[in-house]
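Understanding the architecture of this molecule
Listed below, chain by chain, are the residues.
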Amino acid sequence: MKKIFLIIGIILAVALILGLIFYNRPALLPLTEKDYASGKTGISNPITQYQSLEEINVTIGSVMKNYPQAEAENYTVISQTIGQYQFDGKYTLRAAKTVEDISGVYIDGQTVSALSQEDVIYSVNDNTYYVYWFKGDMQYSLYGINCNLSEFTEVYNFFKSSC
C-alpha cells in the first residue's frame, strides 16, 4: 500500500513540474508561426547597431565626438536612450538624458556611479577606471579597461571638453 502512495506521489510531482515548465509557452519551447503572428516573439534585443557617432547623436540628442586616435570603433544605442561609443577594445563612452546610472558596471551589487563622484576618476581596480559628468541635461560616462591612469585621464579630458 505504501508503494502505491509513493508511486502516485511521484506521478503527481512529475505532472506538477511538467505543468509549471510548459505553462503559458515557456522559453524552453521553440516559437511557432502562430506565436510570431500574435506578437509573442520573446524579449527583443535592446541594442541597435549604428554606422556612426553622428547617427547616435541624432537618435538620442547627444553631441559625442569620435576620439581622434581611435582605431577600432563600435557604435550602438541601448533601448533607444543610451548612446554607446566603444573604441580600441578599452574604452566605452555612454551618453543619455538621465540622472540614473548609465555605466552598466556593478561592484558588490552597487553601480559604479553610486560608488564614485561626478567629475572624479574612480579606480575600479588595477588598470580599470570610470568617470561620469553632466553637460546640460545630458549625462556622459567613460569606462576604461586595460589602460593606465594617464591614458584614461587624457581620453576623459578630450571628451569632457568636446562633449
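This structure is a prediction, so every number in the text was calculated from the model and none was measured. (Residues numbered from 1 in each chain as written. Predicted model: local features only at pLDDT ≥ 70, side-chain atom pairs only at ≥ 80, totals over all residues. Heavy atoms only, no water.)

Digging into the side chain of Arg94
Rule in force here: In this text, helices come from DSSP runs of H or I with a minimum length of four residues, and strands from runs of E with a minimum of two, each type numbered from the N-terminal end. Only protein chains enter the calculation, and the probe is 1.4 Å; a residue is then buried if its accessible area is under 20% of its type maximum, exposed if over 50%, and partly exposed in between. In this tally Asp and Glu are treated as negative and Lys and Arg as positive; neither His nor the chain ends contributes. Salt bridges are defined by distance alone: a side-chain nitrogen of Lys or Arg within 4 Å of a carboxyl oxygen of Asp or Glu. Here a polar contact is taken to be a pair of N or O atoms separated by no more than 3.5 Å, where protein atoms must pair a possible hydrogen donor with a possible acceptor and residues adjacent in sequence count only if both atoms sit in side chains. Whether two residues are in contact is decided by their heavy atoms, any of which lying within 4.5 Å being enough.
Inspection of the secondary structure assignment puts Arg94 in strand β4 (residues 91–96). Buried charge without a partner: Arg94 forms no salt bridge, and the closest opposite charge is Asp101, 6.4 Å away. A distance of 2.6 Å separates a polar atom in the side chain of Arg94 from a polar atom in the side chain of Gln84. Excluding anything up to four places from it in sequence, Arg94 contacts Met64, Ile78, Ile82, Gly83, Gln84, Ile102, Ser103, Gly104, Gln139, Tyr140 and Ser141.

Considering the pattern of salt bridges
All told, the structure shown has two salt bridges when counted by the stated rule. Glu151 is paired through a salt bridge with Lys90; the nearest N and O atoms lie 3.5 Å apart. Of this pair, Glu151 sits in helix α5 (residues 149–162) while Lys90 sits in the loop between β3 (82–87) and β4, and the two are 61 residues apart along the sequence. The partner of Lys160 in a salt bridge is Asp119, with the nearest N and O atoms 2.7 Å apart. On the criterion of sequence distance, the pair formed by Lys160 in helix α5 and Asp119 in the loop between α4 (112–115) and β7 (122–125) is long-range, its members being 41 residues apart. Here Lys160 falls in the partly exposed class, since its relative accessible area comes to 28%. Given a relative accessible area of 33%, Asp119 falls into the partly exposed group.

Structural notes on the environment of Pro68
Within the element layout of this structure, Pro68 appears in the loop between α3 (53–60) and β2 (73–78). Spatially, the C-alpha atoms of Pro68 and Phe158 are 9.2 Å apart, while their sequence positions differ by 90 residues.

What to know about the packing of aromatic side chains
To keep it simple, the criterion reads: Centre distance within 6.5 Å is the pairing criterion for rings of Phe, Tyr and Trp, where only the six-membered ring of Trp is used; planes under 30 degrees apart are then read as stacked, over 60 as edge-to-face, and the remainder as tilted.
A full pass over the atoms with the stated rule returns 14 aromatic pairs. Plain terms: the ring middles of Phe87 and Tyr91 are 5.1 Å apart, the flat faces sit at 25° to each other, and that makes the pair stacked. By relative accessible area, Phe87 is classed as buried at 1%. Here Tyr132 and Phe134 contribute two aromatic rings whose centre-to-centre distance is 6.2 Å and whose plane-to-plane angle is 85°, an arrangement assigned as edge-to-face. For Tyr132, a relative accessible area of 13% gives the class buried. Judged by its relative accessible area of 27%, Phe134 is partly exposed. Of the aromatic side chains, those joined through ring pairs into one cluster are Tyr67, Tyr75, Tyr85, Phe87, Tyr91, Phe158 and Phe159.

Comments concerning the nonpolar core
So the rule is basically this: Here, the term nonpolar core denotes a set of buried Ala, Val, Leu, Ile, Met, Phe, Trp, Tyr and Cys residues that are joined through side-chain atoms within 4.5 Å.
Counting residues in each nonpolar core, the largest one holds 26 residues, and the members touching the most others are Tyr85, Leu142 and Phe159. The set of elements that each furnish at least two residues to this core consists of α3, β2, β3, β4, β8 (128–135), β9 (138–145) and α5. Counting residues per element, this core draws most heavily on α5, at four residues. Leave out the neighbours within four places in its chain, and Leu142 touches Tyr91, Thr92, Leu93, Tyr129, Tyr130, Val131, Trp133, Phe152, Val155, Tyr156 and Phe159. Core analysis: the second largest hydrophobic core is formed by five residues, Val105, Val112, Val124 and Tyr130 among them.

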